[in-house]
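Observations on chain architecture
If you want the building blocks of each chain, they are given just below.
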Amino acid sequence: YLSEAGVASRRQADRLIEEGRVTINGEPIQPGAKVLERDHVFLDGKEVMLPEKKVVLAYYKPAGLVVTEDRSEPRNIMDAIEYPTRLTYFGRLDKDSEGLLLRSNDGDLGNALMRGRNRHEKEYVVRVSRRMDDDFLARMERGVYLPELGVKTRPCRAKKIDSVTFSLVLTQGLNRQIRRMCDSLGYRVVFLKRIRIQNILLGDMKPGELRLLDEEEEKELRKGVFERDE
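In this report, the structure presented in the accompanying data block is examined. (Residues numbered from 1 in each chain as written. Predicted model: local features only at pLDDT ≥ 70, side-chain atom pairs only at ≥ 80, totals over all residues. Heavy atoms only, no water.)

As a further point, take the pairing of strand S8 (residues 122-128). Along S8, 6 of the 7 residues are buried, which leaves the element largely enclosed by surrounding structure. Of the strand pairs in this sheet, S8 and strand S12 (residues 165-170) are connected by 6 bridges, and their pairing is antiparallel. Paired with Tyr124 across the two strands is Leu168, which belongs to S12. Pairing analysis gives 7 bridges linking S8 to strand S13 (residues 189-197), with the strands arranged antiparallel. Directly across from Val125, in S13, lies its bridge partner Lys193. (Buried < 20%, exposed > 50% of the residue type's maximum accessible area, 1.4 Å probe, protein only. Helix = DSSP H or I, 4+ residues; strand = E, 2+ residues; numbered from the N terminus. Pairing = 2+ DSSP bridges.)

Listed below in structure tokens is the structure:
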């Protein structure tokens, strides 16, 4: 219910409940409690209502904006957008990166999209600080061992754009993955922009721009996301 209302992810909701911040009809609850149609759910004393309509929006996150719900962060994504429905974000971009994020009040869509096992595609344009050697992209595609995380990245697709720029299609989202991959191979990322999530394209959007997905875009996104999640 809390996820559907867009106030928290399922994991965050469990924590809120365990902290005693959620009640049903004024009574404290435990994780897994059922919400009936006649019930009233409160978070920190404020009633939580299910949104009347699911919305999915594409957002161009500018560089310098922090993707966090912590409003003590001076430049946080929650304060960057005014929208009548509370939106959460799907997928992170680090502070120095820019590009496409999806924002929605549909928690089920977000949970399915964020599951790593579903291997949803995300595409990036990356520029590094020096000319790429002949086998750099081949090594990226095969997967790179990241000692600080103790994992090898999944095979991916890379394509050269010019001597210092390439595109990369990933199906996982490790913390600062592209920067870590390049660092491990002796390259420093100086520019990183996400241009696609599944079928949703950044296109000619400008930094800070927010747009509602059209009907066909959203239909194709949901079909691809939920088919993988079955």
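Continuing now.
To continue, consider helix H1 (residues 10-18). All buried positions along H1 are accounted for by Ala13, Leu16 and Ile17. Mapping the buried residues of H1 onto a view down its axis gives an arc of 100 degrees, with all of them on the same face. In H1, the exposed positions angled more than 90 degrees off the buried face are occupied by Arg11 and Glu18. Its buried side turned inward, H1 meets strand S1 (22-24) and strand S3 (41-43). (Arc of directions from axis to C-beta. Contact = heavy atoms within 4.5 Å.)

Attention now goes to the sheet that holds S1. In spatial order, the strands read S2-S1-S3-S4; together these 4 strands make up an open sheet with antiparallel pairing. With partners counted over all chains shown, the strands left at the sheet margins are strand S2 (27-28) and strand S4 (46-48), one partner each. Direction of pairing for S1 relative to S2: antiparallel, over a ladder of 2 bridges. Within S2, the residue paired with Ile24 across the bridge is Glu27.

Here we come to the pairing of strand S5 (residues 56-61). By the criterion of burial, S5 is predominantly enclosed, with 6 of the 6 residues buried. Of the two faces of S5, both are covered, the one formed by Val56, Ala58 and Tyr60 as well as the one formed by Leu57, Tyr59 and Lys61. Judged from the 6 bridges that link them, S5 and strand S7 (residues 98-104) form a sheet pairing that is antiparallel. Bridging from a neighbouring strand, Lys61 pairs with Gly99 of S7. The pairing of S5 with strand S15 (residues 210-212) spans 3 bridges and is classified as antiparallel. The residue of S15 that forms the bridge with Tyr59 is Leu210.

Nothing here speaks to function; it is geometry throughout.
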